[in-house]
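Chain and residue survey
Residues per chain are reported as follows:
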Amino acid sequence: MIPKRALAVLLLAISLAATGCGLSDEPSAASPGGTGGGTGTIKVGGVSSLSGAVTFPDSSAAAKAVFDRVNEQGGVNGQKIEYISADDKGDPAAAAQAARDVVTNQGVVALVGSASLLDCAVNAPFYQQSNIVSIQGTGVDPTCFESPAISPVNTGPYLNMAINLYYASEVLKRDKVCMFLAILGNTNDAYGGAVKSWTTLTGKKLTVDDRTVKPDSDPTPFVLRARKEGCQAVLYNGTEPMAIAWMKVVKQQDITGIDWLMTTAPYTEAVGKALGADGDGMYANAEFEPFTDAESAALKDWRTLMTAKNVPLTSFGQGGYLAATYFVDVLKSIKGPITRQSVGEAFKALQPIQTPMTGTPYEFGQAAKHMSNRAGKIVRLKDGQWQVVTSDWVKYPGTLG
């Protein structure tokens, strides 16, 4: 369960981002990261929450696995990739310091595979000022999708919620759709934008819109309210332990006839094992090709590499793998020296990249906002096992603004 400390961390992160605290110095010039002539090292960075209240280690570990394999195969035109993954410790001051170290002191040419609750909120202005691009493995904070310097490979919690709303009303045909949310930091407006977009798209409104859930809340009153209000589908954005506690209460209260739709966070094998049959009726939105589908041809290379490098098979690992894979493909397209400038120019000119692991192409380009992963596949728990219920991608036809 996310401790209350995480709330304070995020609020402080937003304050730092708004004031530019710790980001006032002019960034120094990037080191060239090699000459592009077949020698030297290409330095690549990442800022992730590797310790602290909430951690995301799989994304950077997966990115490193991709880079290690590239190095084992001779590098990019003979140049090896040095991956410098910095720990923001879930702390705004540490996040600012980590970014300045990898960008200014280490002189990385780009940031790849980052996954953090607060990196974007704290460091987005600094990245833009430094003329560096960040291909995030896991974007969480709204700022991740609103900065011209950052383009996450994942859907993110807000578009994820919009897809779930659309699936509940337009695919499952539920008339009474309800939503219970835990709001951390500045996420309320972003979730509100998802609801507004869904209403504009479908002409429908929520039966219940409750945004008072806390990470340490007892789910019982919320679950009972869902039954009292006649909810047919309930959307909830709880993390792994929160979702487990929620579904345990559903079982204890013997509530049936409601579809429980979660975001990507509870889509893990651990949740399936913890709930068993108690999780029946629980859905989740997989932002990438569902990793529990062992027969998926789209996941063959990812699964083989992650297994060989001892990286857990998770959605976060999928994000890091894709971020690093996109980055390497772009590096191979650069003619001449690989520098921060040439990498930035290549991503600004990037044509959309299609992969079978996502429902829509990855984009960077000149956009002021980046939300290119606009689809999901819905999975459902049955006797503790995740089953794919939508063989085709559920693509959200609306916009979040």
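Residues numbered from 1 in each chain as written. Predicted model: local features only at pLDDT ≥ 70, side-chain atom pairs only at ≥ 80, totals over all residues. Heavy atoms only, no water.

As annotated in an unreviewed UniProt entry, the protein chain carries the name Branched-chain amino acid transport system substrate-binding protein and is attributed to Sphaerisporangium siamense. One UniProt comment on the protein chain, placed under Sequence similarities (unreviewed entry), says "Belongs to the leucine-binding protein family." (UniProt positions renumbered as here; feature names shortened; annotations may be inferred.)

**Details of the state of the cysteines**
Per the counting criterion, the structure on display carries 2 disulfides. Put simply, C178 and C231 are joined by a disulfide, and their sulfur atoms are 2.0 Å apart. Judged by the torsion about the S-S bond (-95 degrees), the C178/C231 disulfide is left-handed. Of the two residues, C178 sits in strand β5 (residues 177-182) while C231 sits in the loop between α7 (220-228) and β7 (233-236), which places them 53 residues apart along the sequence. You can call C178 buried: its relative accessible area is 0%. In the protein chain, the bonded cysteines, taken in the order they occur along the sequence, pair up as 1-2, 3-4. (Disulfide = S-S within 2.5 Å. Helix = DSSP H or I, 4+ residues; strand = E, 2+ residues; numbered from the N terminus. Buried < 20%, exposed > 50% of the residue type's maximum accessible area, 1.4 Å probe, protein only.)

**Let's talk about the nonpolar core**
In globular proteins that are soluble, nonpolar side chains generally tend to be buried together. Within the largest apolar cluster, 74 residues are counted, with the highest numbers of intra-cluster contacts made by F67, F180, W246, W260, F327, V343 and F347. Residue-level mapping places this core at the junction of two domains, with at least three residues from each of domain 1 (42-155 + 295-370) and domain 2 (157-286 + 377-395). Grouped together as the second largest cluster of nonpolar side chains are 44 residues, A99, A194, V195 and I378 included. (Core = buried A, V, L, I, M, F, W, Y, C linked by side-chain atoms within 4.5 Å. Domains from an automatic or database assignment.)

**Let's talk about the domain arrangement of the protein chain**
Buried accessible area, meaning the area lost when the parts come together, often serves as the stated size of an interface. Each assigned domain of the protein chain is listed here: domain 1 (42-155 + 295-370) and domain 2 (157-286 + 377-395). Domain 1 and domain 2 are separated by 29 Å when their C-alpha centres are compared. Across the boundary between the two partners, domain 1 contributes 12 residues, which contact 12 residues of domain 2. Summed over both sides, the interface of domain 1 with domain 2 buries roughly 870 Å², with 63% coming from carbon and sulfur. Summed over the three residues of domain 1 that lose the most area to domain 2, namely P142, T155 and G359, the buried surface amounts to 49% of that side. Counting across the interface, domain 1 meets domain 2 through 0 salt bridges. Per-class residue counts for the side of domain 1 that touches domain 2 are 5 nonpolar, 6 polar and 1 charged. (Contact = heavy atoms within 4.5 Å. Buried area = accessible area lost by both parts, 1.4 Å probe. Salt bridge = Lys/Arg side-chain N within 4 Å of Asp/Glu carboxyl O. Nonpolar A, V, L, I, M, F, W, Y, C, P; charged D, E, K, R; others polar.)

**A word on the UniProt feature "domain: Leucine-binding protein" (unreviewed entry) in the protein chain**
Per the UniProt record, the feature "domain: Leucine-binding protein" (unreviewed entry) sits at residues 41-384. Along residues 41-384 the backbone is 40% helical and 15% strand, and the end-to-end C-alpha distance reaches 46 Å.

**Brief notes about helix α5 (residues 157-171)**
With 15 residues, α5 ought to run about 21 Å at 1.5 Å a step, and its terminal C-alpha atoms sit 20 Å apart, in line with that. Listed in full, the buried residues belonging to α5 are P157, Y158, L159, N160, M161, A162, I163, N164, L165, Y167, A168 and S169. (Expected span 1.5 Å × (residues − 1).)

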